[in-house]
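Spelled out, the chains give:
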Amino acid sequence: MTATPPDPDPRRTPGLEPGGGVAPGDTPPESGQTSGLSHHEPKPPRNTTTRVVIGLILLFALLVAAMLLTKAFLLV
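All of the points below concern the structure found in this document. Owing to the predicted nature of the structure, the values given are computational and were not obtained by experimental measurement.

Rules and cut-offs
Residues numbered from 1 in each chain as written. Predicted model: local features only at pLDDT ≥ 70, side-chain atom pairs only at ≥ 80, totals over all residues. Heavy atoms only, no water. Helix = DSSP H or I, 4+ residues; strand = E, 2+ residues; numbered from the N terminus. Areas by Shrake-Rupley, 256 points an atom, 1.4 Å probe, with all protein chains shown as cover. Patch = residues over 30% accessible without salt bridge, like charges linked within 9 Å, V, L, I, M, F, W, Y side chains within 5 Å. Salt bridge = Lys/Arg side-chain N within 4 Å of Asp/Glu carboxyl O. Buried < 20%, exposed > 50% of the residue type's maximum accessible area, 1.4 Å probe, protein only. Expected span 1.5 Å × (residues − 1).

### Regarding the overall build of the chain
Part 1 of the reasoning: Looking only at helices and strands, the chain has 1 helix and 0 strands in total.
Part 2 of the reasoning: Summing over all exposed atoms, the chain offers an accessible surface of approximately 7,700 Å²; the carbon and sulfur share of this is 66%.

Here it is in structure tokens:
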């Protein structure tokens with residue numbers, strides 16, 4: 001089984017002049033398209049998501065530092 005060609009057959013396309021041109025004001029026949037995406041691209045992460053993650057990391061680091069300082073003062 002063979003696939004149909006992407007371009008229309010000039011012998012069966014109405015409005016074409018000899019040589020394949022079109023008359024002034026006519027719209028040329030549409031060719032096959034191979035451009036474009038086959039699926040939607042994922043959206044990039046929003047800026048607020050990055051800020052929340054950085055904030056959680058900083059909060060965890062502060063809690064660890066506070067725990068270590070508390071332990072150091074209790075040992076003295």
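### A few points about a nonpolar patch on the surface
Part 1 of the reasoning: A cluster of nonpolar residues, Val52, Leu56, Leu59 and Leu63, forms a patch on the protein surface that exposes about 400 Å² of accessible area.
Part 2 of the reasoning: Positionally, Leu56 belongs in helix H1 (residues 47-75).
Part 3 of the reasoning: A residue is classified by how much of its surface remains accessible, and Leu56, at 53% relative accessible area, is exposed.

### Considerations on H1
Part 1 of the reasoning: Over its 29 residues, H1 runs 43 Å from end to end, which matches the ideal 42 Å to within 8%, given 1.5 Å per residue.
Part 2 of the reasoning: Burial runs low along H1: only 0 of the 29 residues are buried.

Scope: geometric values only; no functional claims are made or implied.
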